[in-house]
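A structural walkthrough
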Amino acid sequence: MSDRNHATVAVTGVTGALGSRIAARLAAHGVPQLLVGRSPDRMPELPGARRRGPAAYADAAGMRGALAGASALVLVSGHRTGRRLEEHATAVEAAIAVGVGRVLYVSLVGAAPAATYLNARDQWLTEQFLAGAGIRHTVLRAGFYASTPAALADEELVVRGPATTGRAAFVTHEDIADVITAVALQDGPRSEYDGATLEITGPESLTLGEAVTRIAAATGRPYRYEPETLEEAFARRWRQGMSGEQIETWISWYQAIERDEVSVVTDVVPRLTGSPATPVSNAAWWPAPNTARGTGERPRAVVPTVRDDDQEVIP
């Protein structure tokens, strides 16, 4: 544990897979925290951490109350609701109103106004808002989660989708949390990461088939990948009763991989943490099949660490 005094950091998404890891790491460094979310009763108990809420991103008054006393805010992106920009903007404006001086925003690799993956468009909009908000900030673009293929698998552990030769640099929740913690610990009046955009990726770029093969080897379970055409992907999801919006979002995740929009490999993890990025084969956890958020799947099992107030398993 660090022996220096740290400024108070507010962390959102602490009932989710990523936010909970960030909060645990900050606590281990002795950082005082405000844990912010819609369900305070489900928040972890951590040394030096106070639970705040209920406060949803769109609740300006609730967010102001929850963020009062914080010097910095780690803003884990919320779910895609059709108003994600407005919700994020409300949270940031609430932070500014109560004197928060810095925002660390968890975005997506590939964020762009015309990104193939629909969620990446929302993230780009929030990045643009932050750039003009008049507050110190760092954008942390996370790659696609290493856990996602396992969550997409069906009961027979088959992952199906329209991606064949494209690649993604899948990254673990642990590596993302370690990078965000390293940036948060630079809590002086200036940080070398102020205004920066950091792309957090795994150590190599894999096809989806290669990633699933490695998950199978790591778990000893018969995961396998079956590519689909766009027509097959649409037809299967339509038969499952998914809405058009759900189908579009689900397919766009695979197509972002197919078009190599998330294939970049960076040195951000080793440069900021001092340790190599974790290969997919060494990921610390694997969610149960049929538990992916953001895809319209009807979960048949619940993964306690993949919950609301957090990015989707498909981020």
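Residues numbered from 1 in each chain as written. Predicted model: local features only at pLDDT ≥ 70, side-chain atom pairs only at ≥ 80, totals over all residues. Heavy atoms only, no water.

**Quick look at the packing of helix H8 (residues 230-239) against helix H9 (residues 244-258)**
Two numbers describe how H8 lies on H9: the axes approach to 10 Å, and their chain directions differ by 145 degrees. H8 and H9 meet at a crossing whose hand is right-handed. Two secondary-structure elements touch here, H8 through Leu230, Ala233, Phe234, Arg236, Arg237 and Trp238 and H9 through Ile247, Trp250, Ile251 and Gln255. Across the contact of H8 with H9, the residue classes break down as 7 nonpolar, 1 polar and 2 charged. (Axes fitted to C-alpha atoms, helices over the stretch in contact; angles between N-to-C directions. Helix = DSSP H or I, 4+ residues; strand = E, 2+ residues; numbered from the N terminus. Left-handed = near helix turned anticlockwise from the far one by under 90°. Contact = heavy atoms within 4.5 Å. Nonpolar A, V, L, I, M, F, W, Y, C, P; charged D, E, K, R; others polar.)

**Regarding the environment of alanine 256**
Relative to the assigned elements, alanine 256 resides in helix H9. For alanine 256 and glutamate 127, which are 129 residues apart along the polypeptide, the C-alpha to C-alpha distance reads 19 Å. Non-local contacts of alanine 256, meaning those with residues more than four positions away in its chain, are made with Thr116, Tyr117, Phe144, Glu261 and Val262.

**Comments concerning the confidence of the model for the protein**
Across the protein, the average pLDDT comes to 92, with 91% of residues at or above 70. Low confidence marks residues 294-315, where pLDDT is under 50. Its contacts with residues over four positions away, or in another chain, come to 99 contacts. (pLDDT = per-residue confidence, 0-100.)

**Things to note about empty space enclosed by the protein**
Throughout the structure, instances matching the rule amount to 1 cavity of 30 Å³ or more. Considering the residues around the largest cavity, the lining is formed by Ala146, Ser147, Thr172, His173, Glu174, Ala283, Ala284 and Trp285. Classifying every residue of the lining of the largest cavity by side-chain character gives 4 nonpolar, 3 polar and 1 charged. (1 Å grid on protein atoms, 1.4 Å probe; cavity = no way out; pocket = protein on both sides within 12 Å on 5 of 7 lines; lining within 4 Å. Points joined across faces, edges and corners; volume = space filled by probe spheres on them.)

**Things to note about the sheet that holds strand E3 (residues 49-52)**
Pairing within the open sheet is parallel, and its 7 strands lie in the order E3-E2-E1-E4-E5-E6-E8. The open sheet has two free edges, formed respectively by E3 and strand E8 (197-200), since each of these has just one partner strand. Pairs of neighbouring strands in the sheet enclose a mean axial angle of 20 degrees, with direction left out of account. The pairing of strand E2 (residues 33-36) with E3 spans 4 bridges and is classified as parallel. Residue pairing for E3: valine 36 is matched across the bridge by arginine 52. Contacts between helix H1 (residues 17-28) and the sheet are confined to strand E1 (9-12), E2, strand E4 (72-76) and strand E5 (102-108), with E1 contributing the most and set at about 155 degrees to the helix. (Pairing = 2+ DSSP bridges.)

**Section: helix H2 (residues 60-67)**
Think of an α-helix as turning once every 3.6 residues; residues three or four places apart then point the same way. For H2, the full list of buried residues reads Gly62, Met63, Ala66 and Leu67. Within H2, the buried residues cover an arc of 120 degrees as seen down the axis, which keeps them to one side. Taken together, the buried residues of H2 touch E1, E2, E3, E4 and helix H3 (84-97). Once H2 finishes, glycine 69 follows within two positions and takes phi at roughly 100 degrees, a positive value. (Buried < 20%, exposed > 50% of the residue type's maximum accessible area, 1.4 Å probe, protein only. Arc of directions from axis to C-beta.)

**Notes on the pairing of E2**
Burial along E2 is two-sided: the residues Gln33 and Leu35 and Leu34 and Val36 are all buried. Pairing analysis gives 4 bridges linking E1 to E2, with the strands arranged parallel. Across the sheet, the residue bridging to threonine 12 is valine 36, located in E2. Since E1 and E2 lie parallel, the crossover through H1 that links them has a hand, and here it is right-handed. (Right-handed = clockwise from strand over helix to strand, strands pointing away.)

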